Structures are given as structure tokens and as C-alpha cells.
Amino acid sequence: MYLLKIIFIDEDCRSKANDLESLTLPIFYMQDFSIQAITVHDISAACDLLGKAGYTVLDKNGRADIIFDDVKQLGSIVSTLRQHGFRTELADIADTIYQA
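All values reported here derive from a predicted model rather than from experimental measurement.

**Student:** Explain the overall build of the protein chain to me, please; I cannot follow it from the model alone.
**Tutor:** When helices and strands are counted, the protein chain shows three helices and five strands. Sequence-ordered secondary structure for the protein chain, helices as α and strands as β, is β-α-β-α-β-β-α-β. Of all 100 residues assigned to the protein chain, the portion counted as buried reaches 38%. Sequence separation of 24 or more characterises 75% of the internal contacts of the protein chain that already satisfy a separation of 6 or more. In the form shown here, the protein chain has an accessible surface area of approximately 6600 Å², with 51% of it arising from carbon and sulfur atoms.

**Student:** Would you mind showing me how to read helix H2 (residues 43-52) here?
**Tutor:** By the burial criterion, the buried members of H2 are Ile43, Ala46, Cys47, Leu49 and Leu50. Projected down its long axis, H2 carries its buried residues within an arc of 165°, all on one side. Taken together, the buried residues of H2 touch strand E1 (4-10), strand E2 (36-40), strand E3 (56-59), strand E4 (64-68) and helix H3 (73-83). Two residues or fewer after H2 comes glycine 54, characterised by a positive phi angle close to 100°.

**Student:** So what exactly am I meant to see when it comes to the pattern of salt bridges here?
**Tutor:** Close approach of charged atoms allows side chains with opposite charge to pair. Taken as a whole, this structure holds three salt bridges when the rule is applied. Aspartate 65 is paired through a salt bridge with lysine 5; the nearest N and O atoms lie 3.8 Å apart. Here aspartate 65, found in strand E4, pairs with lysine 5, found in strand E1; they are 60 residues apart in sequence, far enough to count as distant. For aspartate 65, the salt bridge is made with arginine 63, and the minimal N-O distance between the two is 2.5 Å. Arginine 63 matches aspartate 65 in its accessibility class, with the two residues each being buried.

**Student:** What exactly am I supposed to notice about H3 here?
**Tutor:** Structural remark: α-helix, 3.6 residues per turn; residues separated by three or four positions point the same way. Regarding H3, the residues found buried are Leu74, Ile77, Val78, Thr80 and Leu81. Viewed along the axis of H3, the buried residues span an arc of 155°, placing them on a single side of the element. For H3, the secondary structure elements touched by its buried residues are E1, E2, H2, E4 and strand E5 (88-92). Looking one or two residues beyond H3, the residue adopting positive phi is glycine 85, at roughly 85°.

**Student:** Honestly, the environment of cysteine 47 in this entry has me stumped. Any pointers?
**Tutor:** Mapped onto the secondary structure, cysteine 47 falls in helix H2. The class for cysteine 47 is buried, based on a relative accessible area of 19%. Separated by ten residues in the primary sequence, cysteine 47 and valine 57 place their C-alpha atoms 6.5 Å from one another. Once residues lying within four places of it in the same chain are set aside, the contact partners of cysteine 47 are Phe8, Val57 and Ala64.

Criteria and thresholds
Residues numbered from 1 in each chain as written. Predicted model: local features only at pLDDT ≥ 70, side-chain atom pairs only at ≥ 80, totals over all residues. Heavy atoms only, no water. Helix = DSSP H or I, 4+ residues; strand = E, 2+ residues; numbered from the N terminus. Buried < 20%, exposed > 50% of the residue type's maximum accessible area, 1.4 Å probe, protein only. Contact = heavy atoms within 4.5 Å. Areas by Shrake-Rupley, 256 points an atom, 1.4 Å probe, with all protein chains shown as cover. Arc of directions from axis to C-beta. Salt bridge = Lys/Arg side-chain N within 4 Å of Asp/Glu carboxyl O.

The quantities given are spatial measurements derived from coordinates; they are silent on function.
Put into C-alpha cells, the structure is as follows:
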């Protein structure tokens, strides 16, 4: 069984830009390149909630990685956050990269 990981970041533009700076991009990529992440308005509280809900959350200094074992859990992660009042979405954070 493989473990899956998704980036978990604050929803503001600065967080997206900072996260992209720390990633290694492929040498060649086209307009269909994307980096999926779950964005949330209060990452610290959201990480606490997901940890208490049984998810593995790895703190990455201003962002986090959520580890899970089934892609179906993505919906459950987002639902858990929304049920507790968090603004959250699954989003492409590479949408600001110039792709000519």
C-alpha cells in the first residue's frame, strides 16, 4: 500500500508563493502543470483539528503535509474542516506560474 500526501497551506497569496519557492519544479512543463493543495484560512487550528481526527499532519514551517492512504479521504478531510467552520478548498497552487 502506498501513502499519499497533499500540501496543506494558508489560503492567502503569500503562502502560495512561499510554498512554490520551496518546491523543485520540473525542467520542462506545459500549461497543464499543477500542484494540488488544500487551502484553509487558519492553518494552525486546522492542523490541530485534523490531528485530533486521526490524520497524520506533518508541520513544515508555515505549511503542512497531510498523509493519508486512500484518495477517497480527500473528500473526508475537506468535509471535516468545513463541518468545523473552516473555509477550505482543494486548489491548484501553481496557477500563478508563468507557463509559456
